[in-house]
Amino acid sequence: MKILVVGPGGREHAIVRACLRDPAVEAVEAAPGNAGIARDVPCHSIDASNGTEVAALAVERGFDLVVIGPEAPLAAGVADAVRTAGVPVFGPSRAASQLEASKAFAKEIMAAAGVPTAEAVHANDAAVAAAALDRFGPPYVVKDDGLAAGKGVVVTEDRHTALAHAQSCFDAGGSVVIEEFLDGPEVSLFVLSDGQNLVALSPAQDFKRIHDGDAGPNTGGMGAYTPLDWLSDYRESVGGAPADFTGVVLEKVARPTVTEMARRGTPFVGVLYCGLAVTSRGVRVVEFNVRFGDPETQAVLERLETGLGGLMLQAATGELDEQTPLQWREGYAVDVVLAAENYPETPRKGDLITGIEDAEALEGVSVLHAGTSTDDAGALRTAGGRVLAVVGTGQSLAAARDRAYAGVAKISWPGVQHRTDIAAKAIAAEITVETQA
Ligand code: AMP
Ligand code: GLY
């Protein structure tokens, strides 16, 4: 099987590496990729959000499967263009991508499908927004309705800040979703779908804020770990019988959502990223994304032993029902994101990166590239907000974390930022959830 991976980031680098490990995969190429991906596989410098260009490349070079990594090309209809050209695609249509591209649409689908989520109001003006804030009370949650790379959500105790964010979205011609605050730890669960059949990957936890202790603004994600031992005893009732966490998410969240999308004639094919809060009243959806999460994917795929290429092809061709239970490497994976100076506001680009080889020489450490480029002299430079993810694996979560941070310590550039507390609470057993059944 020949696979084309579309996208420029760390998630795509993780997908490329996992495909290269799959014995069913003969060749992997990327478009456009980045400087790190280009060290592993051939890259094509095309516009990833241009469906005509991606479809032409797929046909011309005879790919058996196209995998679309990021949300922007999906929302732009790139999967539709490739599918129309007759090439199997892992990634939802433009219509099904509305689950991520519009928070209001996602809320409507969840309501229709009976999926547990925060109560919400869709507001188009300041008066409706103010009334919704007062109805739910603090902490206030205000979300830009459109795609905002994880940065369109403000959670604040301050009513003025909440209203100001809503107003800035209105001023930009948009709308907002205002919702009730969900307490409890967050979990990301990736569910592969062929439009009907589902396969869940291993739950992971992401760290959204820029600074330690969940301080500062939201980012695309600063680190992740998997699996989550603090979820292993979780039980919630599904149809009168206790189910484990993944069973709850499959039956109460993913299946009704995928069924509703199929009923509307817009089947969901690809990965449904369920962003969940484990609240004192049970599991609630915080958000849906229509692609793998970044940086959770860098940790989750590190442990996947089942061939990813074969799995994604089965999803793309409606054959996920033939999948046997997934095989996972024993142990844990932790990844820590290294970000550029001044991320997430206006990240500085062009800084010289050193130490990647030293990090990769360590046992149980790998480095995945997100925003990197190669300069004229062949040296690696920063080229985006999130620059690298350092992945550590180990037999315990603590060992995996120590390895990731040992790798981080080898790498530097002026102004590099990273969190120092990825997976720390889980190791200290400070995360607890209330079992519901
Ligand atoms: P979203 O883009 O919807 O995932 O929101 C980004 C982040 O904001 C989430 O990962 C949460 O940390 C936080 N968040 C979003 N919605 C809520 C909510 N209803 N209650 C509490 N926190 C939330
Ligand atoms: N890690 C969050 C996201 O991919 O949206």
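Everything here concerns the structure above.
Values in this document were obtained by computation on a predicted structure and should not be read as measured data.

**Remarks on helix 1 (residues 10-21)**
The periodicity of an α-helix, 3.6 residues per turn, causes residues three or four places apart in sequence to face the same way.
Next, step 1: Taking 1.5 Å per residue as the helical rise, helix 1 with its 12 residues ought to reach 16 Å, and the 17 Å between its terminal C-alpha atoms agrees with that figure.
Next, step 2: For helix 1, a buried count of nine out of 12 residues is recorded, marking the element as mostly surrounded by other parts of the structure.

**Details of the packing of helix 7 (residues 103-113) against helix 10 (residues 245-263)**
Next, step 1: Running from amino to carboxyl end, helix 7 crosses helix 10 at an angle of 100 degrees, the nearest separation of the two axes being 9 Å. Here helix 10 runs roughly perpendicular to helix 7, going by the angle between their axes. Contacts from Phe 105, Ile 109, Ala 112 and Ala 113 of helix 7 reach helix 10 at Pro 256, Thr 257, Glu 260 and Met 261.
Next, step 2: Its residues placed into classes, the contact of helix 7 with helix 10 shows six nonpolar, one polar and one charged.

**Regarding the packing of helix 1 against helix 11 (residues 296-303)**
Next, step 1: Between helix 1 and helix 11, the least distance of the axes is 8 Å, while the angle of their chain directions is 10 degrees. With respect to each other, helix 1 and helix 11 are oriented roughly parallel. Packed against helix 1, whose contacting residues are Gly 10, Arg 11, Ala 14, Ile 15, Ala 18 and Arg 21, the element helix 11 presents Thr 297, Gln 298, Leu 301 and Glu 302 at the interface.
Next, step 2: Partitioning the contact of helix 1 with helix 11 into residue classes produces four nonpolar, three polar and three charged.

**Points about the site of ligand 1**
Next, step 1: Neighbouring ligand 1 are 14 residues, the closest being Lys 143, Glu 179, Leu 182, Glu 186 and Glu 287.
Next, step 2: Within the side chain of Lys 143, an N or O atom sits 2.8 Å from an oxygen atom of ligand 1.
Next, step 3: For ligand 1, whose free accessible area comes to 470 Å², the fraction covered by protein is 92%.
Next, step 4: Looking at the shell around ligand 1, the elements with two or more residues in it are strand 6 (140-144), strand 7 (153-156) and strand 18 (282-289).
Next, step 5: Split by residue class, the shell around ligand 1 holds six nonpolar, one polar and seven charged.

**A look at the sheet that holds strand 10 (residues 198-200)**
Next, step 1: Strands sit in the order 10-9-17-18 across an open sheet of four strands; the sheet is antiparallel. Where the open sheet ends on each side, the last strands, each with one partner, are strand 10 and strand 18. In this sheet, neighbouring strand axes are inclined to one another by 35 degrees on average, regardless of whether the strands run parallel or antiparallel.
Next, step 2: With three bridges joining them, strand 9 (residues 186-194) and strand 10 adopt antiparallel strand pairing. Looking at the pairing, Leu 192 lines up with Val 199 of strand 10.

**Section: the pairing of strand 5 (residues 120-123)**
Next, step 1: Burial along strand 5 is one-sided: the face carrying Val 121 and Ala 123 is buried and the face carrying Ala 120 and His 122 is not.
Next, step 2: As defined by bridge partners, strand 5 adjoins strand 8 (residues 176-179) across four bridges and the pair is classed as antiparallel. The residue bridging His 122 from the neighbouring strand is Val 177, located in strand 8.

**Points about the site of ligand 2**
Next, step 1: Inspection of the region around ligand 2 gives Asp 206, Lys 208, Gly 220, Tyr 273, Asn 289, Arg 291, Gly 293, Asp 294, Pro 295 and Glu 296 as its neighbouring residues.
Next, step 2: Between a nitrogen atom of ligand 2 and a main-chain N or O atom of Asp 294, the distance comes to 2.8 Å.
Next, step 3: Isolated, ligand 2 exposes 200 Å² of accessible area, and the fraction of that covered by the protein chains is 92%.

**Comments concerning the packing of aromatic side chains**
Next, step 1: The tally for this structure, following the rule as stated, stands at five aromatic pairs.
Next, step 2: Where Phe 190 meets Phe 292, the ring centres are 5.8 Å apart and the plane angle is 85 degrees; that geometry is what we call edge-to-face. On the criterion of sequence distance, the pair formed by Phe 190 in strand 9 and Phe 292 in the loop between strand 18 and helix 11 is long-range, its members being 102 residues apart. A single burial state applies to Phe 190 and to Phe 292, both of which are buried.
Next, step 3: Aromatic pair Tyr 234 and Phe 245: ring centres 6.2 Å apart, planes at 75 degrees, arrangement edge-to-face. One end of the pair, Tyr 234, is in the loop between strand 14 (223-226) and strand 15 (236-238); the other, Phe 245, is in helix 10, with 11 residues separating them in the sequence.
Next, step 4: According to the relative accessible area criterion, Tyr 234 is buried, its value standing at 1%.
Next, step 5: Three or more aromatic residues joined by ring pairs make a cluster, and in this case those are Phe 90, Phe 190, Tyr 273 and Phe 292.

About the criteria used
- Residues numbered from 1 in each chain as written.
- Chains lettered and ligands numbered in written order.
- Predicted model: local features only at pLDDT ≥ 70, side-chain atom pairs only at ≥ 80, totals over all residues.
- Heavy atoms only, no water.
- Helix = DSSP H or I, 4+ residues; strand = E, 2+ residues; numbered from the N terminus.
- Expected span 1.5 Å × (residues − 1).
- Buried < 20%, exposed > 50% of the residue type's maximum accessible area, 1.4 Å probe, protein only.
- Axes fitted to C-alpha atoms, helices over the stretch in contact; angles between N-to-C directions.
- Parallel < 35°, antiparallel > 145°, perpendicular 65-115°, else oblique.
- Contact = heavy atoms within 4.5 Å.
- Nonpolar A, V, L, I, M, F, W, Y, C, P; charged D, E, K, R; others polar.
- Near = heavy atom within 4 Å.
- Polar contact = N/O pair within 3.5 Å; in protein donor to acceptor, adjacent residues only side chain to side chain.
- Areas by Shrake-Rupley, 256 points an atom, 1.4 Å probe, with all protein chains shown as cover.
- Pairing = 2+ DSSP bridges.
- Phe/Tyr/Trp six-rings, centres within 6.5 Å; stacked < 30°, edge-to-face > 60°.

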